[in-house]
Amino acid sequence: MVTPHSVRRFVLAVSAATATASLTAVAPATADTPTYRATITRTEHDIPHIVAKDWGSLGFGSGYAAAETSICTLADTVLAARGQRSKYLGPDKKYDDQVAMNGTNLQVDALVTDLHNRQVVEKLLADSAHGPSVKARQLVAGYAAGVNRYLKDIGGTNNITDPRCKGAAYIEPTATELDLWYGVYLANIIASTGNFLKEIVDADPPSLSDPGLPTVITDAVFGAVPEGTLDVSKLGNDLPIGSNATALGKDGTSTGSGMILGNPHFPWRGRFRFTQQHLTIPGKYNVAGASLIGSPAVNIGWNNNVAWSHTVSTAYRFTPYEYRTVLSPTTYLTAGTTGVPALKKLDHRAVQIEAKQSDGSIKTVTEDLYRTNEGYVLDAPDVFMGWTPLSFFAIRDANGEQLRTIDTFLDMGNATDVNDLLHRQDTQGGMPWVNTIAADRAGNALYADHSVVPNVPNDMATPLSLGLGLPIPTGGCLTPIGALLFSQAGLPGLDGSRAARDCKWRTDSDAERPGIFGPGHLPKTVRADWVINANDSYWLPNPAKKLEGYARIIGCEKCVRTNRSRMVYHYVLDHLADGKITPEILRGTEHENRLGAATAMGPNADLVAVCEAADGGDYCDALSTWDRHSNKDSRGYALFEAFATRMPASGGYKTPFSADDPVETPRDLDEANSGVVNAMKAAIADLKTKNIASDAAWGDVQVAGDDGVDPISLGGGNGDEAGNANALASRNPVRNANYGKAVTYGSSHIQAISFLPDGKVDAETILTYGQSEDPSRPSHQDQTELFGNKQWVTFPWTDAQIADQKVSSKTVTSQ
């Protein structure tokens with residue numbers, strides 16, 4: 001049978017045969033080494049516009065420009081991708097990518113070194129079905145060469161001006177395209193293997209002192225665990241990053257064309273920080289927007305006909321397989337592909353890591369990892385996946401089986417409309433963990449969750465039977481603990497003994513490759529009015545369009561929306577009630593700073609009643625006059641945010657959630673509820689502890705808190721609980737921690753793109769933390785100041801606009 005993925009394998013196999021990009025390292029200069037040449041024109045705010053004649057040179061210019069503004073994070077990303085953090089920085093220091101991969105340097109290096117030992121990325125690079133195209137490899141090879149050329153041009157690491165990595169020894173080794181590909185791979189797996197870094201590296205067979213049993217294991221086996229016992233946030237599909245995106249079609253816009261407002265909520269530092277860029281191959285490619293550091297392709301952006309943004313999806317990227325042990329904790333039961341029961345030993349991998357000691361010497365340290373054919377064994381008893389005397393879990397990772405992400409983003413840049421955009425995304429099959437929201441010149445609006453999802457339909461996610469008289473249970477694929485994971489979190493825990501047979505991930509005929517859902521089984525809608533997503537499931541992109549009937553592993557249906565989602569709905573609904581939405585109105589919603597929770601709770605009087613019941617004193621007076629916004633000059637919002645984040649998970653409203661009215665429910669604060677009153681008491685106590693006055697202006701409390709930044713006052717605030725679409729959070733601030741809330745996460749590359757008559761594009765953007773990480777460059781916080789003042793940057797798109805805003809221009813070459 002000829003399928004899309006079999007045709008693509010043939011085409012890529014032919015292309016791969018002609019590829020010249022190295023799969024290991026940048027080779028010494030020879031007559032065959034490509035000569036890269038790109039022109040980098042920087043406009044106001046340090047935005048680079050890169051023009052080149054081929055893909056390798058385009059990547060070269062992108063890498064060079066990224067190194068100019070983000071060399072420390074680039075170098076740190078490469079160091080992690082090599083598995084050499086312990087060698088240069090010591091094994092016990094913490095690594096935190098600010099999203100999911102969080103552990104010691106030794107833990108990171110152990111996982112990454114084993115990936116290298118197994119040549120995971122090298123095999124994908126050579127795989128015509130799962131690996132990148134020639135074009136993408138040329139782009140990445142050029143990017144690595146551009147980073148190296150920048151370091152050569154400045155005279156080495158001692159001339160780096162950013163104090164965080166000036167003179168760092170780990171930057172001296174030449175960056176290779178393989179380093180970059182391992183970096184891409186690690187970004188792909190953050191919601192899956194990377195999420196369980198500690199649980200994988202620290203997994204050991206059970207012992208008498210550590211049996212690996214969760215406290216509720218007995219109840220779990222018999223299915224009696226109360227709802228909510230499982231901490232779903234630890235399972236990978238609830239990443240601590242988010243986004244809002246609103247796409248308007250022609251029926252809702254004053255222009256009769258599409259518009260989009262996209263706002264990813266991402267870290268303000270680290271490898272998931274965005275950098276803006278504009279990439280052009282004249283007559284062939286022209287796209288602008290933002291890229292994660294280390295990515296040569298634009299991840300969120302626009303071309304002349306279509307604009308798109310992304311929001312983190314609720315789908316899982318992996319499934320756990322449970323294996324029953326026999327005789328020893330490292331021997332398990334399997335039926336293989338034949339169905340004949342057999343015993344098999346775990347693949348025990350002794351991983352050796354070079355680690356710097358306190359005296360500066362290098363010592364080789366060994367870490368033990370374990371694998372089955374499906375993936376790494378983990379020991380995670382807090383989410384019921386402990387390694388016990390009876391069984392263990394290993395995870396199969398769908399994003400660990402592909403390296404098509406750069407191709408996906410790269411190809412989307414040439415889309416002609418939203419349908420073409422999604423078709424290109426589906427053809428490449430590498431959208432790792434996000435939804436896509438888009439609008440086009442023709443006036444169409446798209447929502448789709450066509451990300452990489454294991455093909456486990458609901459009919460697979462049924463409990464297995466004991467199979468009386470048979471050594472291996474039969475029937476459904478969920479083990480008892482797997483059924484618990486599925487019922488409480490939507491994550492199917494499958495029978496490992498049948499992982500190669502009837503409990504193997506299925507294959508759709510329209511899927512890009514085996515084992516993942518094809519487009520026909522993934523949710524999408526294209527509309528002429530509008531769609532939104534704010535990290536809730538696919539179910540409700542528009543109140544008039546409910547997407548239902550999809551596999552539970554992708555997300556929930558008929559489930560409550562966060563206050564942030566409800567606010568984003570209201571921004572559209574409320575403005576449409578007054579007429580068509582203009583570009584100015586759409587981008588203005590970014591800074592309206594209204595609160596979804598305030599709308600749901602009711603008038604200020606209800607809040608005051610709760611405050612008085614909590615003996616709030618002057619704080620109640622501030623709530624009574626609060627303007628119900630989170631602007632810099634709003635007084636009383638500090639208490640509201642502290643209260644909203646402490647509200648009880650359920651029972652706090654008089655009208656509960658209804659799937660028939662998901663935008664307006666739950667609503668009406670229950671002033672007499674003891675949990676609500678206690679939340680207010682705790683909020684007041686928190687503000688008093690932090691010496692935040694009852695009538696403090698919010699801008700005196702919330703300021704920027706990333707590397708090297710001044711305490712710039714910011715509006716906006718907490719997202720899901722308080723309901724700010726302009727979501728900002730403080731996570732381990734590195735500056736201005738003496739303020740009530742020093743922001744290090746949230747609104748990042750914000751883009752408001754409107755397609756205008758006569759082929760014009762209105763592109764208004766803001767990179768909230770500035771283009772440069774280096775505090776010595778003016779672009780380190782110039783856009784932060786604009787963001788704090790509710791201002792935008794007109795992104796130069798046409799040649800004339802670029803010429804008008806030009807600050808500098810230079811041509812860089814590899815020779």
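So, here is what we can say about the structure in this document.

**What about the overall build of the chain?**
For the chain, the count of helices and strands is 22 helices and 34 strands. Expected size for 815 residues packed as a compact globule is a radius of gyration near 28 Å; at 26 Å, the chain falls within 12% of this value. Split into buried and exposed, the 815 residues of the chain put 62% on the buried side. Summed over all atoms, the accessible surface of the chain reaches about 28,800 Å², with 51% contributed by carbon and sulfur. One way to put it: in the chain the 71 positive side-chain charges average out to a point 5 Å from where the 91 negative ones average out.

**A few points about the packing of aromatic side chains**
A complete count under the given rule lists 22 aromatic pairs for this structure. The interplanar angle of 65° and the centroid separation of 6.5 Å between the aromatic rings of F272 and W433 together place this pair among those described as edge-to-face. With F272 in the loop between strand 6 (259–267) and strand 7 (274–281) and W433 in the loop between helix 11 (418–428) and strand 18 (434–440), this pair connects stretches of sequence that are 161 residues apart. Summarising the burial analysis for this pair, F272 and W433 share the class buried. When the centroid spacing of 5.6 Å and the interplanar angle of 90° are considered together, the rings of Y332 and F392 count as edge-to-face. One end of the pair, Y332, is in strand 12 (residues 328–334); the other, F392, is in strand 17 (residues 391–397), with 60 residues separating them in the sequence.

**Here we look at the environment of D762**
You can see D762 is positioned in strand 32 (residues 761–767). For the pair D762 and W797, spaced 35 residues apart in the sequence, the C-alpha separation amounts to 8.6 Å. Excluding its chain neighbours within four sequence positions, the residues that come into contact with D762 are P583, R587, A752, I753, S754 and L756. Looking at D762, its side chain comes within polar contact range of the side chain of R587, at 3.3 Å.

**Overview of unusual backbone geometry**
Note: most residues except glycine have negative phi, and most peptide bonds are trans. Put simply, T665 and P666 share a cis peptide bond, and its omega is 0°. One can find P666 in the loop between strand 25 (653–655) and strand 26 (667–669). The backbone phi angle of D668 is positive, close to 70°, even though this residue is not glycine. Locating D668 in the fold gives a position in strand 26. Its identity is not glycine, yet N691 carries a phi of approximately 60°, on the positive side. Considering the arrangement of structural elements, one finds N691 in the loop between helix 19 (674–689) and helix 20 (698–701).

**Here's the deal with helix 6 (residues 134–153)**
Here helix 6 is 20 residues long and its end C-alpha atoms lie 28 Å apart, about the 28 Å a rise of 1.5 Å per residue gives. With 16 of 20 residues buried, helix 6 lies mostly within the body of the structure. The first or second residue beyond helix 6 is G155, which carries a positive phi of 90°.

**Regarding the pattern of salt bridges**
Pairing is possible between side chains of opposite charge, provided their charged atoms come close. All told, the structure shown has 36 salt bridges when counted by the stated rule. Of the charged contacts, one joins R396 and E401 as a salt bridge, the two residues approaching to 2.8 Å between their closest N and O atoms. Residue E592 pairs with R594 through a salt bridge whose shortest N-O separation is 3.7 Å. Taking relative accessible area as the criterion, R594 reaches 22% and is therefore assigned partly exposed. Several salt bridges converge on common partners, so that one network encompasses R42, D46, E68, R777 and K810.

**Remarks on the state of the cysteines**
One pass over the structure, following the stated rule, counts 4 disulfides. Paired by a disulfide, C477 and C503 hold their sulfur atoms 2.2 Å apart. Residues C477 and C503 are joined through a disulfide that is left-handed, its torsion about the S-S bond being -95°. With C477 in the loop between strand 21 (474–475) and helix 12 (480–489) and C503 in the loop between strand 22 (494–495) and strand 23 (524–527), the pair connects residues that are 26 residues apart, well separated along the chain. The burial state of C477 is the same as that of C503; both residues are buried. Shown here is the disulfide that connects C556 with C559, its sulfur atoms set 2.0 Å apart. Taking the sign of the S-S torsion, about 75° here, the bridge from C556 to C559 comes out right-handed. In the chain, the bonded cysteines, numbered by position in the sequence, are linked as 1-2, 3-4, 5-6, 7-8.

**Points about the environment of C620**
In this structure, C620 sits in helix 17 (residues 618–625). Sequence separation between C620 and G740 is 120 residues; the distance between their C-alpha atoms is 19 Å. Aside from chain neighbours lying at most four places away, what touches C620 is V608, C611 and E612.

**Considerations on the sheet that holds strand 9 (residues 300–302)**
Read from one edge of the open sheet, 10 strands run 23-19-18-10-9-8-7-2-1-34, paired in mixed fashion. Each edge of the sheet is formed by a strand with only one pairing partner; in this case those strands are strand 23 and strand 34 (806–813). With strand direction ignored, the average angle separating the axes of adjacent strands in the sheet is 20°. Alignment of strand 10 (residues 306–312) against strand 18, held across 7 bridges, turns out to be antiparallel. By the bridge assignment for strand 18, S309 is matched with I437. Contacting strand 1 (37–43), strand 2 (47–52), strand 7, strand 8 (285–292) and strand 34, helix 2 (residues 55–82) runs over the sheet at an angle of about 40° to strand 1. Across the sheet, helix 11 lies against strand 10, strand 18, strand 19 (445–448) and strand 23, angled at about 150° from strand 18, the strand it touches most.

Basis of the calculations
- Residues numbered from 1 in each chain as written.
- Predicted model: local features only at pLDDT ≥ 70, side-chain atom pairs only at ≥ 80, totals over all residues.
- Heavy atoms only, no water.
- Helix = DSSP H or I, 4+ residues; strand = E, 2+ residues; numbered from the N terminus.
- Rg over C-alpha atoms; globule rule 2.2 N^0.38 Å.
- Buried < 20%, exposed > 50% of the residue type's maximum accessible area, 1.4 Å probe, protein only.
- Areas by Shrake-Rupley, 256 points an atom, 1.4 Å probe, with all protein chains shown as cover.
- Lys, Arg positive; Asp, Glu negative; His and termini not counted.
- Charge placed at Lys NZ, Arg CZ, Asp CG, Glu CD.
- Phe/Tyr/Trp six-rings, centres within 6.5 Å; stacked < 30°, edge-to-face > 60°.
- Contact = heavy atoms within 4.5 Å.
- Polar contact = N/O pair within 3.5 Å; in protein donor to acceptor, adjacent residues only side chain to side chain.
- Expected span 1.5 Å × (residues − 1).
- Salt bridge = Lys/Arg side-chain N within 4 Å of Asp/Glu carboxyl O.
- Disulfide = S-S within 2.5 Å.
- Pairing = 2+ DSSP bridges.
- Axes fitted to C-alpha atoms, helices over the stretch in contact; angles between N-to-C directions.

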